[in-house]
Amino acid sequence: MAHAIVPAPASVRPADGTTFALRETTAIVTADSPEVRRVGEYLAAALRPATGYGLPVTDAGPTQGAISLQLTDDAALGDEGYTLRVTSDDVTLTARRAKGLFRGVQSLRQLLPGAVESTEHQPGPWRIPGGTITDQPRFGWRGASLDVARHFFGVADVKRYIDALALYKINVLHLHLTDDQGWRVAIRSWPELTNRGGASQVGGGKGGYYTQEQYAEIVGYARDRYMTIVPEIDVPGHTNAALASYPELNCDGKAREPYTGMGVGFSSLCVDKPITYEFLDQVLGELAALTPGPYLHIGGDEVEKLTPAQYGEFVTRVVKIVESHGKRAIGWQEITGATLTPGTVVQYWQHQHAAAEIVSRAKKSGAKFVLSPGNKTYLDMKYDALTRLGLDWAGHIEVRDAYDWEPASLLDGVGESDVAGVEAPLWTETLESFDDVAFMAFPRLPAVAELGWSPRATHDWVTFRRRLALQAPRWEAMSLNYYRSPQVPWPN
Ligand code: NGO
């Protein structure tokens, strides 16, 4: 299988027997555009350590013998699509936008032997199989989320996760920044949120938080990889860290104790106090100013302390606050209990709950769905009974479970055009290190990424698991931990 790319491209026409070999002298020639040149530099930086080649990036040299990155006005490719042509003489990647070239570069990386991801010099040879790939995504939202509240993960870990996600053409990273156990982003007008609310985590460790500069650094790192950060401030529940930081946010005026357990549903902001809405306006305002992406995630899940009417009114107000700061709101499926505005996104997660009402309410308000069914996409679920890490409230999720479902027929009444995309959440109640995170995400994250990117016609477990197996040498070269599922024919 020469073209073992994940997610599967829309079309691959192999030129059997033809290969292009990277050499000492290979250059990367880009269109005369600073953005395209940056993509060329990204490619060169990815390939230089293992190959040991110079791979000069130029916008002037001959394309003969080179890898060339060019722009085209072919509207059929859309914003993220690309064409990759490999002959024995040269490699030509074309797209309408630098973003499409960046996605194409990920395919190109995967056509090289996995050892190319190593940070140390490797022997090669570095052959790329010949042929033509024409590709573009099925859905515009191909997300992953990371819970940095239950256990805190610093900037370096988040960057590592972003790099691994980019390889699978993920374009949204949703950061779950606040929860009962911790508040992880500094808010200048409410400094105790992180001073007090960021100082612990599940199990009682020291926690941590991002300064606004560090948050901006993450946003910039993601943006350079054509990935949008969607920050989540989870309200009105999951707010013990805020309630512990400021007594005035509590209905009884008394600060809560920090929480280091794993329970849910016990906390709520005080929906009757005006200060609650001043608080939200300032928090969401600061976050909106730091976030170039169009969405703020407002959580809204698992609220047990409010009546449905109180909850509905509260969320309706918070959606308006988000919009007053120029952003659109996304929230967990429970937010369909509020009056939503068109453009709001509903994130479906709890497969045990009757979906009919959620679907009809979302559709009535013109909201689209991001699909994160707990029993398919939750990367924190155990693979099987023996998995040391993770939870199991949604069942065990083996690789095939994560792969074998169809976004446009998951929910009755929600077809292709109602689906914004898919997202694989990673909650971290039981995950303490980057190795833990990677072990739960790989190989299931690439399965969800493929559902988001690849056309339905390519869906096939038998070929998927073979393509997936060939990613393992790449993960090993990247020192990326992964689960060796018995369902996948790993190469060694
Ligand atoms: C639920 C809950 C989270 C948990 C997660 C664990 C949602 C949307 N709310 O998903 O707080 O961490 O399950 O799997």
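Just so you know, these numbers come straight off a predicted model, no measurement behind them.

What follows covers the state of the cysteines. With the rule as written, the count across this model stands at one disulfide. One disulfide in the model links Cys251 with Cys270; its S-S distance is 2.1 Å. Taking the torsion about the sulfur-sulfur bond, which here is approximately 105°, the covalent link between Cys251 and Cys270 counts as right-handed. Highlighted residues: Cys251 in the loop between α6 (240-245) and α7 (274-290) and Cys270 in the loop between α6 and α7, separated in sequence by 19 residues. Relative accessible area serves as the criterion here: at 55%, Cys251 is assigned to the exposed category. Classification of Cys270 as buried rests on a relative accessible area of 3%.

This next bit is on the sheet that holds strand β9 (residues 172-176). Overall, parallel pairing links the eight strands, which are arranged β8-β9-β12-β13-β14-β15-β16-β17 in a closed barrel. Direction aside, neighbouring strands of the sheet carry axes that sit 30° apart on average. Here three bridges tie strand β13 (residues 295-299) to strand β14 (residues 328-332), and the two strands are oriented parallel to one another. If you follow Tyr295 over to β14, its bridge partner there is Arg328. Of the strands in this sheet, β8 (141-147), β9 and β17 (419-426) touch helix α3 (residues 155-166), which is tilted by about 150° from β9.

This brings us to the site of the ligand. Taken together, 13 residues form the shell around the ligand, and within it Arg150, Asp301, Asp380, Trp393 and Glu429 come nearest. Contact distances for the ligand include 2.8 Å between an oxygen atom and a side-chain N or O atom of Arg150. In isolation the ligand has 350 Å² of accessible area, and contact with the protein removes 97% of it. Considered class by class, the residues forming the shell around the ligand number seven nonpolar, one polar and five charged.

Helical geometry: 3.6 residues make up each α-helical turn, so side chains three or four residues apart lie on a common side. Relative to the 16 Å expected for 12 residues at 1.5 Å per residue, helix α5 (residues 212-223) spans 16 Å between its end C-alpha atoms, a close match to the ideal helical length. Where α5 is concerned, the buried positions are Gln212, Tyr215, Ile218, Val219, Gly220, Tyr221 and Ala222. Tucked inside the fold, the buried residues of α5 contact α3, β9, β12 (228-235) and α7.

As a further point, take the pairing of β12. Most of β12 is tucked away, with seven of its eight residues classed as buried. Pairing geometry for β9 and β12, over five bridges, is parallel. Bridging from a neighbouring strand, His176 pairs with Glu232 of β12. Two strands pair when backbone bridges link them, and β12 and β13 are joined in this way by two bridges, in the parallel orientation. Bridge assignment links Val235 to a residue of β13, and that residue is Gly299.

All right, on to the side chain of Ser372 then. Along the chain, Ser372 falls in the loop between β16 (368-371) and α10 (374-377). Here Ser372 is in contact with Gln347, Tyr348, Trp349, Thr377, Tyr378, Glu423 and Pro425, once residues within four sequence places are set aside.

As a packed pair, α3 and α5 sit with axes 10 Å apart at the nearest point and diverge in direction by 15°. One way to sum up the angle between α3 and α5 is to call them roughly parallel. Crossing geometry of α3 relative to α5 is assigned as right-handed. Residues Val155, Val158, Lys159, Ile162 and Asp163 of α3 form the contact with α5, whose own contacting residues are Gln214, Glu217, Ile218, Tyr221 and Ala222.

Ordered in space as β1-β7-β5-β6-β4-β2-β3, the seven strands form an open sheet in which the pairing is mixed. Looking at the sheet topology across the chains shown, the edges are occupied by β1 (11-21) and β3 (57-58). Judged from the five bridges that link them, strand β5 (residues 82-86) and strand β7 (residues 127-135) form a sheet pairing that is antiparallel. Bridge pairing in β7 places Leu84 opposite Ile133.

As a further point, take unusual backbone geometry. Note the cis peptide between Gly124 and Pro125, where omega equals 0°. With respect to the helices, strands and loops of the structure, Pro125 is situated in the loop between α2 (98-111) and β7. Of note, the bond from Val235 into Pro236 is cis; its omega dihedral lies within 30 degrees of zero at -5°. Unlike most non-glycine residues, Leu55 shows phi in positive territory, near 45°. Here Leu55 lies in the loop between α1 (34-51) and β3.

In this structure, Tyr161, Leu173, Trp183, Phe279, Phe369 and Leu445 are the most contacted members of the largest nonpolar core, which totals 155 residues. Here this core gets eight residues from one element, more than from any other, and that element is α7. Those residues in contact with Leu445 that sit more than four places away from it in its chain are Ala144, Leu165, Tyr168, Ile170, Leu379 and Ala424. The next biggest cluster of nonpolar side chains, apart from the first, holds eight residues, and it includes Trp141, Val172, Ile330 and Val345.

Here the structure, examined in full by the defined rule, presents 26 aromatic pairs. Where Tyr168 meets Phe442, the ring centres are 6.1 Å apart and the plane angle is 55°; that geometry is what we call tilted. Note that Tyr168 is positioned in the loop between α3 and β9 and Phe442 in the loop between α12 (434-441) and α13 (444-453), a separation of 274 residues in sequence. For Tyr168, a relative accessible area of 1% gives the class buried. Since its relative accessible area comes to 1%, Phe442 is described here as buried. Ring plane angle 75° and centroid distance 6.4 Å describe the contact between Trp332 and Trp349, whose orientation is recorded as edge-to-face. You can see Trp332 sitting in strand β14 and its partner Trp349 sitting in the loop between β15 (345-348) and α9 (355-364), a full 17 residues away along the chain. With relative accessibility at 1%, the residue Trp332 sits in the buried group. In this structure an aromatic cluster arises from ring pairing among Tyr168, Phe442, Trp475, Tyr482 and Trp490. In this structure, Arg225 packs its charged tip against the face of Tyr221, placed 3.6 Å from the ring centre. The ring of Tyr277 carries the charged tip of Arg317 above its face, separated from the ring centre by 3.5 Å.

Cut-offs used in this document
- Along each chain, residues carry numbers from 1 onward, in the same order as the chain's sequence is written.
- Confidence filtering applies because this is a predicted model: local features only for residues at pLDDT of at least 70, side-chain atom pairs given and counted only at 80 or more, and all residues used for totals across whole chains, interfaces and linings.
- Neither water nor hydrogens contribute to the side-chain values; these are computed over all heavy atoms in the structure.
- Disulfides are defined as pairs of cysteine sulfur atoms found within 2.5 Å of each other.
- The secondary structure listing takes helices from DSSP runs of H or I that are at least 4 residues long and strands from runs of E that are at least 2 residues long, numbered from the N terminus.
- Only protein chains enter the accessibility calculation, which uses a 1.4 Å probe. A residue is then buried if its area is under 20% of the maximum for its type, exposed if over 50%, and partly exposed in between.
- DSSP bridges decide pairing: two strands pair if at least two such bridges lie between them.
- Axis lines are fitted through C-alpha atoms, for helices just across the contact stretch, and the angle between N-to-C directions can take any value from 0 to 180 degrees.
- The contact rule is simple, with two residues in contact once any of their heavy atoms fall within 4.5 Å.
- By convention in this text, a residue qualifies as near a molecule or strand provided that one of its non-hydrogen atoms is within 4 Å of it.
- For the purposes of these results, a polar contact is taken to be a pair of N or O atoms within 3.5 Å, where, inside protein, one atom must be able to donate a hydrogen and its partner to accept one; residues adjacent in sequence count only when each atom of the pair is a side-chain atom.
- Only the protein chains shown count as cover for residues, and the accessible areas themselves come from Shrake-Rupley with a 1.4 Å probe.
- Residues are grouped as follows: nonpolar covers Ala, Val, Leu, Ile, Met, Phe, Trp, Tyr, Cys and Pro; charged covers Asp, Glu, Lys and Arg; every other residue, Gly included, is treated as polar.
- What a helix is expected to span follows from its residue count: subtract one and scale by 1.5 Å.
- Throughout this description, any angle smaller than 35 degrees is read as roughly parallel, any larger than 145 degrees as roughly antiparallel, any in the 65 to 115 degree range as roughly perpendicular, and the remainder as oblique.
- By definition, turning the near helix anticlockwise from the far helix through less than a right angle yields a left-handed crossing, and turning it clockwise yields a right-handed one.
- To form a nonpolar core, buried Ala, Val, Leu, Ile, Met, Phe, Trp, Tyr and Cys residues must be joined to one another through side-chain atoms within 4.5 Å.
- Aromatic rings from Phe, Tyr and Trp, with only the six-membered ring used for Trp, were paired whenever their centres fell within 6.5 Å, and each pair was classed as stacked if the ring planes differed by under 30 degrees, edge-to-face if by over 60, and tilted otherwise.
- Criterion for a charge above a ring: Lys NZ or Arg CZ within 6 Å of the ring centre, and within 35 degrees of the ring normal.

Keep in mind that these numbers describe shape and distance, not what the molecule does.
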